[in-house]
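Geometric and topological summary
Chain residues, written in single-letter form:
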Amino acid sequence: MMKKTFLIALSILTLTSSLNAFASTLDDNIIEDLEKFHIVEKSDDLRLDDHITRAEVIKMVSVATGNYDIDHVGISPIFSDVLPTHWAVKYIQTAWENYIIQGYDDNTFRPENSITYNELQKIIVSALGYTQYAEMQGGYPDGYLTYSEKYNIMNNIDTSDSNAYVTRKDAMQMIYNSLDAPLLVYMQNKLSRRRLNNLRLWMAWRWASPIWIIKNALRWRIFIINNLILQIKSRIY
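The structure reproduced in this document is the subject of the present report. Keep in mind it's a predicted model, so treat the numbers as computed, not measured.

Brief notes about the packing of aromatic side chains
Tallied over the full model, the rule gives five aromatic pairs. Centroid distance Phe79 to Phe109: 5.5 Å. Interplanar angle 35°. Geometry classified as tilted. A residue pair is termed long-range when its members are at least 10 positions apart, and Phe79 in the loop between helix H3 (54–65) and helix H4 (89–97) and Phe109 in the loop between H4 and helix H5 (117–127) qualify at 30 residues. The same class applies to Phe79 as to Phe109, namely buried. Through pairs of rings, three or more aromatic residues link up here, namely Tyr130, Tyr133, Tyr147 and Tyr151. We note Arg110 situated over the ring of Tyr104; from NZ or CZ to the ring centre the distance is 3.7 Å.

Considering H4
For H4, a buried count of seven out of nine residues is recorded, marking the element as mostly surrounded by other parts of the structure. Within H4, burial applies to Val89, Lys90, Tyr91, Ile92, Gln93, Thr94 and Ala95. In this structure, the buried residues of H4 make contact with H3. Immediately downstream of H4, the backbone of Tyr99 shows phi near 60°, a positive value.

What counts, and where the lines are drawn
- Residues numbered from 1 in each chain as written.
- Predicted model: local features only at pLDDT ≥ 70, side-chain atom pairs only at ≥ 80, totals over all residues.
- Heavy atoms only, no water.
- Phe/Tyr/Trp six-rings, centres within 6.5 Å; stacked < 30°, edge-to-face > 60°.
- Helix = DSSP H or I, 4+ residues; strand = E, 2+ residues; numbered from the N terminus.
- Buried < 20%, exposed > 50% of the residue type's maximum accessible area, 1.4 Å probe, protein only.
- Lys NZ or Arg CZ within 6 Å of the ring centre and 35° of its normal.
- Contact = heavy atoms within 4.5 Å.

Structure below.
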């Protein structure tokens, strides 16, 4: 009886060790694909258990979606803590221009800070071109989480706290998952801040006075027509 109990305990211990080992590793095929597309650079130590920084995330997501512009190197900084000499400036500034990121009220981006699961899902959904639709679903975080769930961004991610900091392993898995999501080509590098502001005006219509609506009738007509065109283009792509 003692021998049987010992064997059961040993089996449980072995299984637990295997699960823990799996939790800190990433499938070799995933790593190979990410390296092939230069989303991550080849390295003997990918530091999978470390928390990923905001700058690292923006670089990986930008390369995965082709959402960056090399011409941004050396121009005036948008964020006070992301100088033209920063290694990720071209990714961060293009992401800002395409409304993928916003930064903080003090005009900083805090590139070396860690990032939460909610924040990373927002960035991925925006980089895929779904900012406009996520905003129409309630904005951050719920609207973005809706599209993250729709396109399985969190597949194989085991976390019960969406406000926890993302590990490098989970960030790579989430970005890898996003490669299967349909990219809205017409949104890429074209979603302006003016369009987002118009969208927010449209969302606030229910609180507007009739006089205000009449004054802005032309704007609504143009905005609705533009969005119908965008939806038609998205179906074509």
